[in-house]
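# Residue-level structural notes
Below, each chain spelled out in residue letters.
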Amino acid sequence: MRDLIVKIAVKFGIYKKLVDIINSVNFNVQARRMKKNGLRMLSEADKVLSGMGLKPFLTYGTLLGAYRDHGFISYDPDIDLGILAEEVPQDMRERMENAGFKFYKQIYVAGTQQIVEETYIYNKLHLDIFFYHCEGDDLYSIIQMTHETKEWKEANATDGFPCEKSYVPNSEFERREFLGLNVYMPVKTDEWLRAMYSDSYMTPVKGWNAKDYKTRRVHPKERTYRKYD
């Protein structure tokens, strides 16, 4: 039934609008769950990842909320953490699942099989873990974008998804207070947020889109794919 609805929506040119509506509903549901259980998930994620010898640091919307709003952004539906790819143990997924985090999906680069992101579910909340790689004086993560014309299942089975490399200055990480927790954040938080969201990041913009701002992102030729359990 799902595939039939998708085919009809694509045929009549309303697939993207339908996805936007569904995502909007899901975002609102997840944002309410974040208010209830987000802090607990962050605490547990920090505990298990730190136990692997990693420094799981806040990144993207979670870092922005911590620095600008001193809390979670009210409409943010998930938690974003970063880890250094070179430090990830081979049994990370197993140890996450043993701690109660259910593996949901993995995003990787075609050809190299480089893992760029993994998502886990905890108490119905999504935890996005971005794998950061070093390049010169920078660190970068890779963000998967929507396909130019295809719905996600078809894209994943054919030519994959376009992506963006998001660069930030290399930085040490330190624990700082956040809603009663001590969690890792980049020492160069201001520089990171400027690189991610432009110099105007202190002004909240709902529905922010990197296309509309000058940020440190490039479009590599590589395509990314999704792997579900």
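What you see is a predicted model; the values in this text were computed from it and never measured.

### Here's the deal with the overall build of the chain
- In terms of helices and strands, the chain carries six helices and eleven strands.
- Within the chain, residue pairs in contact and separated by at least 24 positions form 62% of the contacts whose partners lie at least 6 positions apart.
- Of the accessible surface of the chain, which amounts to about 12600 Å², a share of 52% is contributed by carbon and sulfur atoms.

### Considering the pattern of salt bridges
- Counted by the stated rule, this structure contains 15 salt bridges.
- With a shortest N-O distance of 3.2 Å, R175 and D46 are connected by a salt bridge. Placement of the pair is R175 in strand β8 (residues 173-178) and D46 in helix α2 (residues 15-50), with a sequence separation of 129 residues.
- R175 sits in the partly exposed class, given a relative accessible area of 35%.
- Here D190 and R194 are joined by a salt bridge, their closest N and O atoms 2.9 Å apart. Residue D190 and its partner R194 are both found in helix α6 (residues 189-197); the two are separated by four residues, about one turn of the helix.
- Note on D190: relative accessible area 23%, which makes it partly exposed.
- Residue classification places R194 among the partly exposed positions, given a relative accessible area of 35%.

### Some words on the side chain of D46
- The exposure class of D46 is buried, given its relative accessible area of 12%.
- Excluding residues that lie within four positions of it along the chain, D46 makes contacts with P56, R175, N182 and Y184.

### A look at the packing of helix α3 (residues 60-69) against α6
- At their nearest, the axes of α3 and α6 sit 11 Å apart, and the two run at 130° to each other. Here α3 lies oblique to α6, going by the angle between them. Our pair here, α3 against α6, has a crossing hand that is left-handed. Between α3 and α6, the residues in contact are Y60, G61, L63, L64 and Y67 and T189, D190, W192, L193, M196 and Y197, respectively.

### A closer look at the confidence of the model for the chain
- Considering every residue of the chain, the mean pLDDT works out to 89; 84% of them sit at 70 or more.
- Here helix α1 (residues 2-11) is the element of the chain with the lowest mean pLDDT, 55, and strand β1 (residues 57-58) is the one with the highest, 98.

### Description of the nonpolar core
- With 46 residues, the main nonpolar core has M92, M96 and Y132 as its most contacted residues.
- Counting seven residues, the second-largest nonpolar core is a separate cluster that includes V109, V116, C163 and Y167.

The rules we used
- Throughout this document, residue positions are counted from 1 along each chain, in the order its sequence is written.
- Given that this is a predicted model, residues contribute local features only at a pLDDT of at least 70 and side-chain atom pairs are listed and counted only at 80 or more, while totals for whole chains, interfaces and linings are drawn from all residues.
- Derived side-chain values reflect all non-hydrogen atoms in the structure, with water molecules and hydrogen atoms excluded from consideration.
- Secondary structure elements follow DSSP: runs of H or I no shorter than four residues count as helices, runs of E no shorter than two count as strands, and numbering proceeds from the N terminus.
- Residue contacts are defined here by distance: any two heavy atoms, one from each residue, within 4.5 Å place the two residues in contact.
- All accessible areas in this document rest on Shrake-Rupley with a 1.4 Å probe, and a residue is counted as covered only by the protein chains that are shown.
- The salt bridge criterion pairs a side-chain nitrogen of Lys or Arg with a carboxyl oxygen of Asp or Glu, the two atoms within 4 Å.
- With a 1.4 Å probe rolled over the protein chains alone, any residue whose accessible area is under 20% of its type maximum counts as buried; one over 50% counts as exposed, and the rest are partly exposed.
- Only the contacting stretch of a helix is used when fitting its axis, a line to C-alpha atoms as for every element, and angles between N-to-C directions run 0 to 180 degrees.
- Any angle from 65 to 115 degrees is called roughly perpendicular, while one under 35 is roughly parallel, one over 145 is roughly antiparallel, and all others are oblique.
- Should the near helix be turned counterclockwise from the far one by less than a right angle, the crossing is left-handed, whereas a clockwise turn marks it as right-handed.
- Summary of the metric used: pLDDT quantifies the predictor's per-residue confidence within the range 0 to 100.
- The nonpolar core is taken to be a set of buried Ala, Val, Leu, Ile, Met, Phe, Trp, Tyr and Cys residues, with the residues joined through side-chain atoms within 4.5 Å.

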